[in-house]
Amino acid sequence: MDATHLDMFVTALIDDLAPVPTPDDDADRTLFHLLDSPRRIVDEPPLLVVLVAAVTARNLLDHVIASAASAAERLGIPARRHLRSGADLLTMLGMAPGAAQRLVRVGRAAHTLPALTQQQRLGGIGIEFVDAVGRGITHIDNRTPLSEEDRASIVTKLMIQTTPAQVAEKARAIAIDRAATQPQEEGAVPVAENTDLNDMTLVQTDDGRVAAALDLDVLTGEELFAALDPLCRPVPLPDGSPDPRPTGRRRADAFGQVLRTYLSDQQRPTSGGVLPHVTLVRPAGIDTLGFTGPVSSVTADLISCDSTLTSVIVDHSGAPLDVGRAERLFTPIIRKGLAVRDCGCAFPGCGRPVSWCDAHHIRPWSEGGVTSLDNGVLFCRCHHTLIHHGGWQVYLGPDRHPWFIPPHDPAGPEPAHLRSHARRTLTNLPTAA
Ligand SMILES: [Zn+2]
Ligand SMILES: [Zn+2]
């Protein structure tokens, strides 16, 4: 299909889909009649023909959407409707944000990649593939600027790949190859140090988790390593056996600690005049976090356990939930007392520093537990989570130090209780060493 045919196709499509003045015109709306077809196709050859035709139509329609959305941007249509971009326009029409972004990206890049656009007009390549080629070209161009000629020859090299992932891989290989062989301009910023290439994606997965991918210049990367390194240390289990957490898990835990340390600092940028912090909304029913949505009541309890984890707990109408909130919070004086007694995370074998610790209510505030030295224990986040989620129990012993009961079968014999990390000596309890 060439450009003229495409125009005819689009015109026919618009005629077919556009609202019509009278129901009589329905007779001409063949596409709708096709969708309504009462005849079920069960044989292999016609089914394959239908698939090929439908996939081609999809590719062409994606091309039409991409071109139309970027044309709308050039005409300033999104701005007139108080939208930021063509992608917002598509989202408003019911398209998923990721797909909308992709279409607009392809539409904007079309004029720089005529060979690719030509292929798209033939209906043989899908929008994901076209997008991968466009991104591959951008990836290479950002590192070693491309001439028109380079661009055309690289498009060809990328188009012979079979999947978008292979296109991306090939583009990275070409970029590395070019960086190694092309003479760098005098004073040009080396790729490794170029902050313009920095990128971070942050998406919430179907199961509600948050997945991140980072591409950082070497200095920011160095800062990341420097920040995480001391926090990644393995922490032995209470019985002295090695930390079972794999490296990736320890790194993720360390990253969490970096975020919490940052969020607990007052000297940082504000958002709408307030210091942004974790917000937990606890209406009757579902506990919900400000950015990421619903959480289990166990995690909501952990978040409410220590005020330093959140600035606000509000009900569904936005009103602060805790009357007597002041009493729920561990005051700086009680925290100091806890710091003197626990010397950091109290969990056996841990001892992470005081500044990393949440103050945990031994008897939950919601169940009538008071906020006092004798009802508080300091825990690093890892062990605070273990107490709330992991079946460990903590109580204040007669020595007024925290003691721990490992998870166990309630029907079986109770395991030996463990001392707090700070409580290495000076005890008259039989289980203490
Ligand atoms: Zn707690
Ligand atoms: Zn700990």
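This structure is a prediction, so every number in the text was calculated from the model and none was measured.

1. A closer look at the coordination of the zinc ion (ligand 2)
- For the zinc ion (ligand 2), every protein donor is listed as Cys345 (SG), Cys350 (SG), Cys380 (SG) and His383 (ND1), and the spread of their distances is 2.0 to 2.3 Å.
- Here the zinc ion (ligand 2) is ringed by four donor atoms whose angles at the metal span 97 to 116°, and the overall shape comes out tetrahedral.
- Mapped onto the polypeptide sequence, the residues donating to the zinc ion (ligand 2) form the spacing pattern C-x4-C-x29-C-x2-H.

2. A look at the confidence of the model for the protein chain
- In the predicted model, the protein chain carries a mean pLDDT of 81, and 80% of its residues have values of at least 70.
- Within the protein chain, the lowest mean pLDDT, 53, falls on helix α14 (residues 325-328), and the highest, 94, falls on strand β10 (residues 402-405).
- Scored below 50 in pLDDT, residues 425-433 makes 13 contacts in the model with residues more than four places away or belonging to other chains.

3. Regarding the packing of helix α6 (residues 97-109) against helix α8 (residues 127-143)
- At a closest axis distance of 9 Å, the pairing of α6 and α8 adopts a crossing angle of 60°. Viewed along their axes, α6 and α8 adopt a mutual orientation that is oblique. The chirality of how α6 crosses α8 is left-handed. In contact with Arg102, Leu103, Arg105 and Val106 of α6, α8 contributes Ile127, Glu128, Val130, Asp131 and Arg135.
- Classifying every residue of the contact of α6 with α8 by side-chain character gives four nonpolar, no polar and five charged.

4. As for the pattern of salt bridges
- For the coordinates displayed, the defined rule picks out 16 salt bridges.
- The partner of glutamate 128 in a salt bridge is arginine 102, and the shortest N-O contact between them spans 3.9 Å. Within this pair, whereas glutamate 128 is found in helix α8, its partner arginine 102 is found in helix α6, the two being separated by 26 residues in sequence.
- A relative accessible area of 27% means that glutamate 128 is categorised as partly exposed.
- Classification of arginine 102 as partly exposed rests on a relative accessible area of 24%.
- For arginine 245, the salt bridge identified is with aspartate 253, shortest N-O distance 2.7 Å.
- Here arginine 245 falls in the buried class, since its relative accessible area comes to 10%.
- Counted as one network, the salt bridges with shared partners bring together Arg58, Asp62, Arg102 and Glu128.

5. Looking at the sheet that holds strand β9 (residues 393-396)
- Strand order across the open sheet formed by three strands is β9-β10-β11, with antiparallel pairing between neighbours. Two strands close off the open sheet at either side, each with one partner strand: β9 and β11 (418-419).
- With two bridges joining them, β10 and β11 adopt antiparallel strand pairing. Its bridge partner being in β11, tryptophan 403 is matched across the sheet by arginine 419.

6. Overview of the side chain of asparagine 59
- In this structure, asparagine 59 sits in helix α3 (residues 44-74).
- At 2.9 Å, the side chain of asparagine 59 and the backbone oxygen of glycine 123 are in polar contact.
- Residues within four places of asparagine 59 in sequence aside, it is in contact with Gly123, Gly124, Ile125, Gly126 and Ile127.

Each value, and the rule that gives it
Residues numbered from 1 in each chain as written. Chains lettered and ligands numbered in written order. Predicted model: local features only at pLDDT ≥ 70, side-chain atom pairs only at ≥ 80, totals over all residues. Heavy atoms only, no water. Donors = N, O, S within 2.8 Å, 3.2 Å for Na, K, Ca; no water. Tetrahedral: all angles 85-135°; square planar, octahedral: opposite > 155°, others 65-115°. pLDDT = per-residue confidence, 0-100. Helix = DSSP H or I, 4+ residues; strand = E, 2+ residues; numbered from the N terminus. Contact = heavy atoms within 4.5 Å. Axes fitted to C-alpha atoms, helices over the stretch in contact; angles between N-to-C directions. Parallel < 35°, antiparallel > 145°, perpendicular 65-115°, else oblique. Left-handed = near helix turned anticlockwise from the far one by under 90°. Nonpolar A, V, L, I, M, F, W, Y, C, P; charged D, E, K, R; others polar. Salt bridge = Lys/Arg side-chain N within 4 Å of Asp/Glu carboxyl O. Buried < 20%, exposed > 50% of the residue type's maximum accessible area, 1.4 Å probe, protein only. Pairing = 2+ DSSP bridges. Polar contact = N/O pair within 3.5 Å; in protein donor to acceptor, adjacent residues only side chain to side chain.

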